[in-house]
Amino acid sequence: MTIITKNIHYLGVQDPSRRTFDALMHLPEGTSYNAYYVQGSTKTALIDTVEPKQSAAWLKELQQFTKHIDYIVSLHAEQDHSGSIPEVLKLFPQAKVVTNQKCKDMLKEHLTLTDDVFMVIKDRETLSLGDKTLEFFLAPWVHWPESMFALVQEDGVLFTTDFLGAHETADKLFCQDRLACLSGAQRYYAEIMMPFRTQVKKYLELIATLPIKFICPCHGPIYDNPEQILAPYREWSADTPKNKVVIAYVTMHESTRIMSKYLAAQLSKQGIDVDVVDLEIEPSGQLSMHLVDAATLIFACPAVLVGPHPVVASAAILANALRPKTKYFGIIGSYGWGHKIAEQLTALTSLLTVERLTPVFAKGLPKPADFAALDTLAQTISEKHSTL
Ligand code: FEO
């Protein structure tokens, strides 16, 4: 058990061997499930629980730590935080599950809890623990519709559920080195929070009005200097992208690799930052991270049975779902005898609010006319970026 501040404890679990989340997100550092315990002078509250697969040892530790829990506060219904609530209730049957109405409805669906275990709270409602007061803030869509935050008013400790979190384990609970914390936090923002950029900005404004000293997410490090995570979040969620292009490619017989590297070199000559992502070998999180601030996204795609290579098609579906602030979108590629790459990738990215650039396709290996077309594409991107 680690003390965050007076009578507020960390009660989470580190899960360094987990390698994917939602069978989608790659977890190079594993993850953690951060639960907390707030000991007031008259009442006690457990803030969230842990992933059920990790609950056996955690429940033993919880029983050694305390003999009484009055409230189990559920900030988010996703099971990596709520899934152990039924087991906690078996050990502490007098405890009430404190949450908002929407979260209650979802917990009943996912965990088959009954009405009588709940205490439903509303936005800005408070709950006294004696010398500590919990204040609740509904925060829908970071990243589920029932998400909420809880503030210990007297201590300035803000529990933010997934918001401001990171899929990381930590030797030390608090973020020690801002730069070291940023990589995991940015990947987490990209893969989970980026589609909700409007809400992210709204809750950053809310948090700026609160007297906080600690930010305690439910994954990754705790921040005893809130600006360590709030400042990057303001930058990532800002409206204007950077003078940056991400080229995501797959190659079968080298044509698209040659085209990608040539285009990257031409863009670099124009003073544009370029990230080239080989989708065959890099996890999807790399592309997601680059999309946080890139002004232009280019897919470089070979034809497979007339359509786009399925790996690029998958990346296009992901980019479409993540709704990055990217402003320009291009497609380059190669084919053997015919293709519908542009039509199909355009359809797969229909939710992106981007200006679509003229595609460039080479038949087989790129020839001088194809390189000239890539020169024109680089010039067009440079002119577009000059207006950012
Ligand atoms: Fe970590 Fe949305 O659960």
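Now for a look at the structure at hand. In this convention, every chain numbers its residues from 1, walking through the sequence in written order. Side-chain atom pairs in this predicted model are given and counted only at pLDDT of 80 or more, local residue features only at pLDDT of at least 70, and totals for whole chains, interfaces and linings cover all residues. Working from all heavy atoms in the structure, the side-chain values ignore hydrogens and water.

By rolling a water-sized probe across the atoms, one finds the places where empty space is left. Definitions used throughout: a 1 Å grid over protein atoms alone; a cavity as a set of points that fits a 1.4 Å probe which cannot get out; a pocket as an open set with protein on both sides within 12 Å along at least five of seven lines; a lining residue as one with an atom within 4 Å of a point. Grid points are joined across faces, edges and corners, and a volume is the space filled by probe spheres set on the points. The space that makes up the largest pocket amounts to roughly 280 Å³. Lining the largest pocket are 17 residues, and of these Met-252, His-253, Ala-303, Tyr-335 and Gly-336 sit closest to its centre. Helix and strand definitions here come from DSSP, where helices need a minimum of 4 consecutive H or I residues and strands a minimum of 2 consecutive E residues; each element is numbered from the N-terminal end. Here the lining of the largest pocket gets 3 residues from one element, more than from any other, and that element is strand β19 (residues 294-304). Three classes are used, and their members are as follows: Ala, Val, Leu, Ile, Met, Phe, Trp, Tyr, Cys and Pro are nonpolar, Asp, Glu, Lys and Arg are charged, and the others, Gly among them, are polar. Here the residues of the lining of the largest pocket are counted per class, giving 8 nonpolar, 8 polar and 1 charged.

When the charged atoms of two side chains with opposite charge come close together, those side chains can pair. The term salt bridge refers to a side-chain nitrogen of Lys or Arg lying within 4 Å of a carboxyl oxygen of Asp or Glu. On inspection of all chains with the given rule, the structure shows 15 salt bridges. When the shortest N-O distance is used, the salt bridge between Asp-115 and Lys-108 registers 2.9 Å. Buried, partly exposed and exposed residues are distinguished by accessible area as a fraction of the type maximum, computed with a 1.4 Å probe on protein chains only: under 20%, between the cut-offs, and over 50%, respectively. Of the residues examined, Asp-115 reaches a relative accessible area of 44% and is grouped as partly exposed. Between Arg-234 and Glu-227 there is a salt bridge; the shortest N-O distance is 2.5 Å.

Our next topic: helix α10 (residues 310-322). The span one expects for a helix is its residue count, reduced by one, times 1.5 Å. When the terminal C-alpha atoms of α10 are compared, their 18 Å separation across 13 residues agrees well with the 18 Å that a helix rising 1.5 Å per residue should span. For α10, the complete set of buried residues consists of Val-312, Ala-313, Ala-315, Ala-316, Leu-318, Ala-319, Asn-320 and Leu-322. Contact criterion: two residues are considered in contact whenever any of their non-hydrogen atoms come within 4.5 Å of each other. Among the structural elements, α5 (178-193), α9 (284-291), β19, β20 (307-308) and α11 (341-348) are those in contact with the buried residues of α10.

Our focus in this paragraph is helix α8 (residues 255-269). Since the α-helix turns once every 3.6 residues, residues separated by three or four places project in the same direction. With 15 residues, α8 extends 21 Å between its outermost C-alpha atoms, agreeing within 8% with the 21 Å of an ideal straight helix rising 1.5 Å per residue. Among the residues trailing α8, Gly-271 stands out with phi positive, at a value near 80 degrees.

Our next topic: the pairing of strand β10 (residues 96-99). Bridge analysis of strand β9 (residues 71-73) against β10 gives 3 bridges, and the strand direction is parallel. Its bridge partner lying in β10, Ile-72 is registered against Val-97. Strands pair, by our definition, only if DSSP identifies at least two bridges between them. Here β10 pairs with strand β11 (residues 118-120) via 3 bridges, running parallel. Looking at the pairing, Val-98 lines up with Met-119 of β11. Looking down the strands as they point away from you, a crossover is right-handed if its path from the first strand over the helix to the second goes clockwise. Crossover connection from β10 via helix α4 (residues 101-111) to parallel β11: handedness right-handed.

Quick look at the environment of Asp-48 now. Looking at the secondary structure, you find Asp-48 in the loop between β8 (44-47) and α1 (55-65). Overall, Asp-48 belongs to the buried group, its relative accessible area being 3%. In contact with Asp-48, not counting residues within four places along its chain, are Asn-34, Ala-35, Val-73, Ser-74, Leu-75, His-76 and His-81. Two N or O atoms form a polar contact when they lie within 3.5 Å of each other; inside protein one atom must be a possible hydrogen donor and the other a possible acceptor, and for residues adjacent in sequence the pair counts only when both atoms belong to side chains. A distance of 3.0 Å separates a polar atom in the side chain of Asp-48 from the backbone nitrogen of Leu-75.

Pairing within the open sheet is mixed, and its 5 strands lie in the order β12-β13-β14-β15-β16. Both edges of this open sheet fall to β12 (126-128) and β16 (214-216), since each of them pairs with a single strand only. Ignoring strand direction, the axes of neighbouring strands in this sheet form an average angle of 20 degrees. Bridge analysis of strand β13 (residues 133-138) against strand β14 (residues 148-152) gives 5 bridges, and the strand direction is antiparallel. By the bridge assignment for β14, Phe-136 is matched with Ala-150. Axes, fitted as lines to C-alpha atoms, cover a helix only where it is in contact. Angles between the N-to-C directions of the axes lie from 0 to 180 degrees. Sheet strands in contact with helix α6 (residues 197-208) are β13, β14 and β15 (157-159), and its direction is about 10 degrees off that of β14.

Moving on, we get to empty space enclosed by the protein. Summed over the entire model, instances satisfying the criterion amount to 1 cavity of 30 Å³ or more. One number sums up the size of the largest cavity: a volume of about 40 Å³. Taken together, Phe-21, Asp-22, Met-25, Glu-78, Asp-80, His-143, Asp-162, His-167, Tyr-188, Ile-192 and His-219 make up the lining of the largest cavity. Classifying every residue of the lining of the largest cavity by side-chain character gives 4 nonpolar, 3 polar and 4 charged.

Purely spatial values, then, with no claim about function.
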